[in-house]
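# Working through the structure, step by step
One-letter residues, chain by chain:
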Amino acid sequence: MTGEVIAFFVLAIVAIMGGMLLLHLSNVVHMVVALVFTFLAIAGIFITLSAEFVAAVQVLIYSGAVTIIMLFGIMLTRHDDVSEKKQIKSSTLLAAGGVGAFFLLMFFAINGMSVSEPATNLHVDNTKRIGELLYTNYLIPFELISVLLLAALIGAIILAKRDDKQEEKP
Amino acid sequence: MDLTNVYQNNYLVVVIFLLLGILLPVGALTAGRLLRPYKPRKEKYTTYESGIEPFHQSWIQFNVRYYLFALLFVIFDVETVFLYPWAVAYDKLGMFALIEMTVFIVMLAFGLLYAWRKKVLKWI
């Protein structure tokens, strides 16, 4: 067993544990902390794939910014009550069957997959190559992203500001 | 193949630092638990030992205003992520990419300006 396989399994287990805890914890804020572990483990998996820029983005955007926006989203709601333990219903059994079928499907699909020669020079200047591609071949998607971000920003401001005026009126 | 492996092995140093970073506080706190005297009293466990009695949870419902700050943070975080590959590949990209990046930044600056005009940035 190589170190890469060990690293992958440790990170995968951390990611899955984070997801399981996210579903099973009863306190919402603890759930977000469990989600951070999943995000960080996925960043580690990106590093084992020599995709360091993506790993840095994963840490910066997901475990930094998205977690903060989730926490603030939770803070906006009433979150002092904890979720109740559920009984096993027929829908749970159905979901378990679905998960089992998905596992078998994925297992056989991955087993039968043939991997061509793995790339050997992924780690050479990967951020630079992303930059070169992004600002020559993929310029229009890049500019569209700025429009998307602007729309998100202005939309959020309009929604939140309308709430403020309604509070002032009565 | 060799080169990738050699490069990946450098991350062992990162793993060692990560483990040290986890073990140091765990070890320090465990040592403190073993060394310190343990004489619990009810007053010691209140939040402010000689102050006002705390009431309610600290996790209260927040104003929408704070959510906007979080959203602004996310948007400008994404902008920063796009600046990195541009800065690294700047030598090869040249003038055209500079203009493109200026358009991108000005676009988001409009958003910031709008937020400013709408008094979102005002802290109350």
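Residues numbered from 1 in each chain as written. Chains lettered and ligands numbered in written order. Predicted model: local features only at pLDDT ≥ 70, side-chain atom pairs only at ≥ 80, totals over all residues. Heavy atoms only, no water.

Take unusual backbone geometry next. Residues and elements named next belong to chain A. At S50, a position not held by glycine, the phi torsion is positive, near 60 degrees. Mapped onto the elements, S50 comes out in the loop between helix 2 (28–48) and helix 3 (52–76). For S50, a relative accessible area of 5% corresponds to the buried category. (Helix = DSSP H or I, 4+ residues; strand = E, 2+ residues; numbered from the N terminus. Buried < 20%, exposed > 50% of the residue type's maximum accessible area, 1.4 Å probe, protein only.)

In total, this model carries one salt bridge over all chains according to the counting rule given. When the shortest N-O distance is used, the salt bridge between E132 of chain A and K92 of chain B registers 3.9 Å. Linking E132 of chain A in helix 5 (residues 126–134) with K92 of chain B in helix 4 (residues 90–93), this pair reaches from one chain into another. A residue is classified by how much of its surface remains accessible, and K92 of chain B, at 60% relative accessible area, is exposed. (Salt bridge = Lys/Arg side-chain N within 4 Å of Asp/Glu carboxyl O.)

Bringing the UniProt feature "transmembrane region" (unreviewed entry) in chain B into the picture now. Within this numbering scheme, the UniProt entry marks residues 12–35, 66–87 and 93–116 of chain B as carrying the feature "transmembrane region" (unreviewed entry). Between the C-alpha atoms that bound residues 12–35 of chain B the distance is 33 Å, and the span itself is 100% helix and 0% strand. (UniProt positions renumbered as here; feature names shortened; annotations may be inferred.)

Relative to the elements of secondary structure, H56 of chain B occurs in the loop between helix 2 (11–35) and helix 3 (64–88). Between the alpha carbons of H56 of chain B and L34 of chain B there is a distance of 33 Å; along the sequence they are 22 residues apart.

Glancing now at the confidence of the model for chain B. Of all residues in chain B, 92% attain a pLDDT of 70 or more, and the chain-wide mean is 84. Interface confidence for the predicted complex, given as ipTM, is 0.74, next to a pTM of 0.78. (pLDDT = per-residue confidence, 0-100.)

Residues and elements named next belong to chain B. In the contact formed by helix 3 and helix 5 (residues 95–117), the axes pass within 12 Å of each other and the chain directions differ by 175 degrees. Viewed along their axes, helix 3 and helix 5 adopt a mutual orientation that is roughly antiparallel. Together, L72, I75, F76, E79, F82, L83 and W86 of helix 3 and A97, L98, M101, F104, I105, L108 and L112 of helix 5 make up the contact between the two elements. (Axes fitted to C-alpha atoms, helices over the stretch in contact; angles between N-to-C directions. Parallel < 35°, antiparallel > 145°, perpendicular 65-115°, else oblique. Contact = heavy atoms within 4.5 Å.)

Next up on the list: the interface of chain B and chain A. Taken together, the contact between chain B and chain A spans 49 residues of the former and 51 residues of the latter. Across the interface of chain B and chain A, roughly 4800 Å² is buried in total on both sides, 77% from carbon and sulfur atoms. At the junction of chain B with chain A, the criterion picks out one salt bridge. Put simply, chain B and chain A have two residue pairs in polar contact (both at pLDDT 80 or more) between them. Going through the elements one at a time, helix 1 (2–9), helix 3, helix 4 and helix 5 of chain B are the ones with two or more residues in the side of chain B that touches chain A. No other element matches helix 3 of chain B, which puts 19 residues into the side of chain B that touches chain A. Residues of the side of chain B that touches chain A, tallied by class, amount to 38 nonpolar, five polar and six charged. (Buried area = accessible area lost by both parts, 1.4 Å probe. Polar contact = N/O pair within 3.5 Å; in protein donor to acceptor, adjacent residues only side chain to side chain. Nonpolar A, V, L, I, M, F, W, Y, C, P; charged D, E, K, R; others polar.)

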